[in-house]
Amino acid sequence: MSDAALATTLAQAREAVRGGTLADEAALVSRMIETARLDEFTRASIARNGAEMVRRVRAASSPGLMETFLAEYGLSTDEGIALMCLAEALLRVPDADTIDALIEDKIAPSDWGKHLGQSSSSLVNASTWALLLTGRVLDDERPGLAAPLRGAIKRLGEPVIRAAVAEAMRRLGKQFVLGETIGSGLKRATRQEEKGYAYSYDMLGEAARTFADAERYRVAYQDAIDAIAKRAVHGDVVKNPGISIKLSALHPRYEYAHREACVPALIDSVLGLAKRAAAANMGLNIDAEEQDRLDLSLDIIEAVARDPALDGWDGFGVVVQAYGRRSPAVIEWLDALAADTGRRIMVRLVKGAYWDTEIKRAQVMGVPGFPVFTRKAATDVCYLGCARMLLDRAERLYPQFATHNAHTVSAVIAMADGEAYEFQRLHGMGEALYEVARADHNVPCRIYAPVGAHEDLLAYLVRRLLENGANSSFANQLVDHRVEPEAVASDPISAVLEVGVPNDKLRQPPALYGASRPNAEGWDLFDTVDTARFEAARAPFRGTKFFAEPIVAVEGARGETSEVINPADASDLVGHVTDLAPGAAAGVIEAAAAGVGWADGPGRAAVLRQVADLYEANAGELFALAAREAGKIGIDVVAELREAVDFLRYYANAAETLDGEPAGVWVAISPWNFPLAIFTGQIAASLAAGNAVVAKPAVQTPLIAAAAVKLFHKAGVPLAALQLCPGGGAVGAALTSQPGLAGVGFTGSTATAKVIDRQLAKTAPDAILVAETGGLNAMIVDSTALPEQAVRDIVVSAFQSAGQRCSALRVLYVQKDVAERTMTMLKGAMAALVTGAPWDLATDVGPVIDTAAKAKIAGHIEKHRAKVIASEGRADGLFVPPSVIKVGGIEDLEEEIFGPVLHVATFEADQIGDVIEAINGAGYGLTFGLHTRIDDRVEDVVGAVKVGNCYVNRNQIGAIVGSQPFGGEGLSGTGPKAGGPLTVTHLTKR
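The shown structure was predicted, so the numbers you read here are calculated from the model rather than taken from an experiment.

Novice: What should I look at first to understand the overall build of the protein chain in this one?
Specialist: Helix and strand counts for the protein chain come out as 35 helices and 24 strands. Within the protein chain, the fraction of its 990 residues that count as buried is 61%. Put simply, 76% of the contacts in the protein chain that link residues at least 6 apart link residues at least 24 apart. Accessible area of the protein chain: about 36700 Å², with a carbon and sulfur share of 53%.

Novice: Is there a simple way to explain a negative patch on the surface in this structure?
Specialist: Residues D97, D817, D910, D914 and E917 make up a contiguous surface patch of negative charge. Relative to the helices and strands, D914 is located in helix 34 (residues 912-921).

Novice: Sorry, what's going on with the sheet that holds strand 18 (residues 811-815) here?
Specialist: Adjacent strands of a sheet form backbone hydrogen bonds with each other and so pair up, either parallel or antiparallel. Spatial strand order, 19-20-21-18-17-22-23: seven strands in an open sheet with mixed pairing. Looking along the sheet, the strands with just one partner apiece sit at the ends: strand 19 (868-871) and strand 23 (947-953). Ignoring which end each strand starts from, the neighbouring axes of this sheet average 20° apart. Two elements, strand 22 (residues 925-931) and strand 23, share six bridges in a ladder whose sense is parallel. Considered in strand 23, the bridge of L930 is made with V952. Sheet contacts for helix 32 (residues 816-831): strand 18, strand 19, strand 20 (883-886) and strand 21 (901-907); angle to strand 18, the most-contacted strand, approximately 130°.

Novice: I tried to follow helix 9 (residues 182-194) on my own but got confused; where do I start?
Specialist: Residues spaced three or four apart along an α-helix point in a common direction, a consequence of the helix completing one turn every 3.6 residues. Between its terminal C-alpha atoms helix 9 stretches 18 Å, which fits the 18 Å expected from 13 residues at 1.5 Å a residue. Looking at helix 9, one finds that the buried residues are I182, G185, L186, A189 and Q192. Elements that come into contact with the buried residues of helix 9 comprise strand 1 (198-203), helix 10 (211-229), strand 7 (422-426), helix 17 (431-441) and strand 8 (445-451). Once helix 9 ends, the next one or two residues include G196, with phi positive near 110°.

Novice: Is there a simple way to think about the pattern of salt bridges in this case?
Specialist: Oppositely charged side chains can pair when the atoms bearing their charge come close. Under the defined criterion, the tally for this structure stands at 51 salt bridges. Residue D213 is joined to R216 by a salt bridge in which the shortest nitrogen-to-oxygen separation is 3.0 Å. Taken together, the residues span about one helical turn, with D213 and R216 both in helix 10 at a distance of three residues. Given a relative accessible area of 47%, R216 falls into the partly exposed group.

Novice: I keep staring at the side chain of S883 and nothing clicks. Help me out?
Specialist: Turning to its location among the elements, S883 is positioned in strand 20. Among the polar contacts listed, one links the side chain of S883 to the backbone oxygen of P881, at a separation of 2.7 Å. With residues near it in sequence (within four places) discarded, S883 still touches F799, M830, I861, A870, S871, P900, V901 and L902.

Novice: Is there a simple way to explain helix 11 (residues 259-280) in this structure?
Specialist: Taking 1.5 Å of rise per residue, the 22 residues of helix 11 would be expected to cover 32 Å, and the 31 Å separating its terminal C-alpha atoms lies within 8% of that figure. Along helix 11, the positions that sit buried rather than exposed are C262, V263, L266, S269, V270, L271, L273, A274, A277 and A280. Just past helix 11, the residue N281 takes up positive phi, approximately 60°.

Novice: Sorry, what's going on with the packing of aromatic side chains here?
Specialist: How two aromatic rings sit relative to each other is given by the distance of their centres and the angle of their planes. In this structure the tally under the stated criterion is 13 aromatic pairs. Ring geometry for Y650 and Y651: centres 5.1 Å apart, planes at 75°, overall edge-to-face. Exposure class is identical for Y650 and Y651. Each is buried. Directly above the ring of Y383 sits K351, whose terminal nitrogen or CZ lies 5.1 Å from the centroid. The residue whose ring lies beneath R533 is W523, and the NZ or CZ to ring-centre distance is 3.8 Å.

Novice: Just to check I follow, could you spell out the side chain of H258 for this structure?
Specialist: Summarising the element assignment, H258 is placed in the loop between strand 2 (242-245) and helix 11. On the accessibility criterion, H258 (7% relative accessible area) is buried. Looking at H258, its side chain comes within polar contact range of the main-chain oxygen of A842, at 3.3 Å. Filtering out sequence-adjacent residues up to four positions away, H258 remains in contact with R253, V834, A842 and D844.

Novice: I tried to follow the nonpolar core on my own but got confused; where do I start?
Specialist: If you look at soluble globular proteins, the nonpolar side chains tend to sit buried side by side. Among the nonpolar cores identified, the biggest contains 117 residues, and L284, F401 and F423 are the most heavily contacted of them. Residue contributions to this core peak at 11 residues, all from helix 15 (residues 376-392). In this structure F401 touches L349, Y383, A387, L390, L391, V412, Y421, E422, F423, Q424 and Y434, once residues within four positions along its chain are discounted.

Novice: Help me out: how do you make sense of the sheet that holds strand 8 in this one?
Specialist: What the eight strands build is a closed barrel, ordered 1-2-3-4-5-6-7-8; its pairing is parallel. If you compare each strand with its neighbour and ignore which way they point, the axes differ by 30° on average. Note: strand 1 against strand 2, three bridges, orientation parallel. Its bridge partner being in strand 2, D202 is matched across the sheet by S244.

Definitions and cut-offs
- Residues numbered from 1 in each chain as written.
- Predicted model: local features only at pLDDT ≥ 70, side-chain atom pairs only at ≥ 80, totals over all residues.
- Heavy atoms only, no water.
- Helix = DSSP H or I, 4+ residues; strand = E, 2+ residues; numbered from the N terminus.
- Buried < 20%, exposed > 50% of the residue type's maximum accessible area, 1.4 Å probe, protein only.
- Contact = heavy atoms within 4.5 Å.
- Areas by Shrake-Rupley, 256 points an atom, 1.4 Å probe, with all protein chains shown as cover.
- Patch = residues over 30% accessible without salt bridge, like charges linked within 9 Å, V, L, I, M, F, W, Y side chains within 5 Å.
- Salt bridge = Lys/Arg side-chain N within 4 Å of Asp/Glu carboxyl O.
- Lys, Arg positive; Asp, Glu negative; His and termini not counted.
- Charge placed at Lys NZ, Arg CZ, Asp CG, Glu CD.
- Pairing = 2+ DSSP bridges.
- Axes fitted to C-alpha atoms, helices over the stretch in contact; angles between N-to-C directions.
- Expected span 1.5 Å × (residues − 1).
- Polar contact = N/O pair within 3.5 Å; in protein donor to acceptor, adjacent residues only side chain to side chain.
- Phe/Tyr/Trp six-rings, centres within 6.5 Å; stacked < 30°, edge-to-face > 60°.
- Lys NZ or Arg CZ within 6 Å of the ring centre and 35° of its normal.
- Core = buried A, V, L, I, M, F, W, Y, C linked by side-chain atoms within 4.5 Å.

Below you can see the structure in the form of structure tokens.
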């Protein structure tokens, strides 16, 4: 093939990767069946051989402990989940009190008796006895005279139980982790190497939160390569040990929006490691991660693969995930890259470990389809097709098949036909299966072995369990004699032809809410195609001058005109606004009476749905306005539009079911921090009931409000039913002082809400006031929480949107035992944030809204300068650097500081009750967050705290409760996204 043809093939393959996410799932499965080239006779033979492997594994004297464990305690059992939660959390908890609470929480409530004697493993059965007895000791709620004795034994036995369970968790961890250091791992690997196995070492560490983390992981990889190099004694790289690295561990901002910074840095890091590996003639494999990072990873892979310093080295490797619908296109791209560079590339083919995350993310994002297959059988079929593709290209791609599935092993052996390849298995799993395969077919096998401290086990453990611990997984069924071998090794092609794809029980992202309403259109700013679409949509409005004025049904309503300036750029004149003359308020309210009952329920529903469609059709203009007028960053402007669309469709549904007559005329006063979403939600709720609405947007954001009202009118809302009245406090006061109002919807400060409340008591005593006001939102992080997860949520909640959300985190309580580590990581994560222009997609923190806000926030920081423990970012113009201030507790705050300022306090393990009491004493909070692994603590805290919405991060294995992430915005804790009523503050002293 000519150089030009190679370049064309490479470019076409890359475009197929970029645009192939949404390829028709059924068509893709059919293509993979054809690609696998397995006729019915061959498929039947593969299934028979796979079933025979299962029989021989079951007949082995010592089946793998991990398979035996999963057969009894898989993720389909409460006890299995409890043990896994205990394993991932226990060894990192430093204090005895919390260790005891965690052990009791996970062991006492479970029914260990039903597992007694059920396992084929004496070790598993002995462990079950120990768990049963421990649970009986810890359960002091059982009635009878023995309860006091159990209580005494519990108190006396806690140190013994604590030590025993900790040792048990270390032993369990050894089933997953080869060694705590690369030295110990290499030493432990010797026995398997003598049996003919090779190794690929993985240094535990999933994702860097800070640049210091990234450097630490880079050095760990570098040191590991140097140590492994001493074992790389073969002339053939495929016979030598290797290392697997994660790109997310080498940069804290490995995200598409930060590609200009992270891609060059990652190329430099990976190339440095690759040169070291090449010098040792060992393999270096780039592990696969989430699908939204695939395009970024290919940029890095190509740059490294093309570096001439690596010429002559065929140890560069890439992982491909068969559950990804782009996996065939990735293999075609790698093949073209190998041909273009003249270098053979190792390709490890895996099934994939983030399925649950990929499915839920796609649904939440509202993208057109899933990036992964919706049935397990479809993934298995794709694996077979990809395996054939690799074997067909074995001259340029060295196939490495990572699987624990007997059918897959049997299929690869049947398809290989003399081509060189290897199998891979996880440390601690699959040994019995591969002993059978090696004995019968002399196939080479490599062990993927994690190395690191047991307290760093979480992310790896969770992935492995999600991959192998579900009740339908091969590993779970392998030694379960209740499942016939033929069922364990059944043919996935027959299965998928029988059940079909896609899985109709799994709601596609656009149909997340079922037939009742479509999901708002998604704009995935982690995806190159969607980002280009986003940029193209908003680009025409980058310099547009907008104009807002009273849109009312009366004459003579025009007041003063003023400029609207971009809060991030004083040179950007966004447009002009003409306020409503306050004296015109009476006429506006009077005119609105003619709009009450403006249509019947179905008619109102149809109009609101049309408004939603118009919002999406005009997305680019609304994106530009939200960025230029309100200073919102990219992900926030997308969320702003999608929430507004959800409001419209949610209330459209409600309009069809509401009974009774309209209440009358409502005044809607909305905030600047959600100038489209809350503005729209207030209007849509009132219009859905047939009311007339007089809308007063925030003085800082009238332009986007005017654009929205024009779309309401274009959709068919009469002028009298919806009037726009721009202006400041004088306009709001004039509107809310008019007699005859049915109600006022208000979002803003508590002080202003009380002023409106008193005014309505005088002029419209029968009116309803629905107000969402601010509060001091808190989060508690105890010593069982994973710091990486906690810091991720803290940063998003406290600093995204420049902290200008009613739901933003204001006060963080961290258990004193883990405070130092948590705060070190938090400060590092803050240093990785980008404070800058909202139009730039790499920006994490934009400006505050105006000079008054800047003065108040900056004054607060300066007042507490001696207690500031972190402050990172720009401070010029209207920018405020994200800051952390140490406080004694929530009682130290006199008011909410509406900006990127987080206050941090510590507490002792036994003081959580006192912390909740202090939080409740500070007044109503919109949101509350809790990071813990202790379920009893979740129930106690959630039941005691007085807030509108709780977000609880229990763990990555069990459930995460809460209708939206802590720090998310919206008027509700239960709707509209969850389909429930609004949760608001009601001021009803009249």
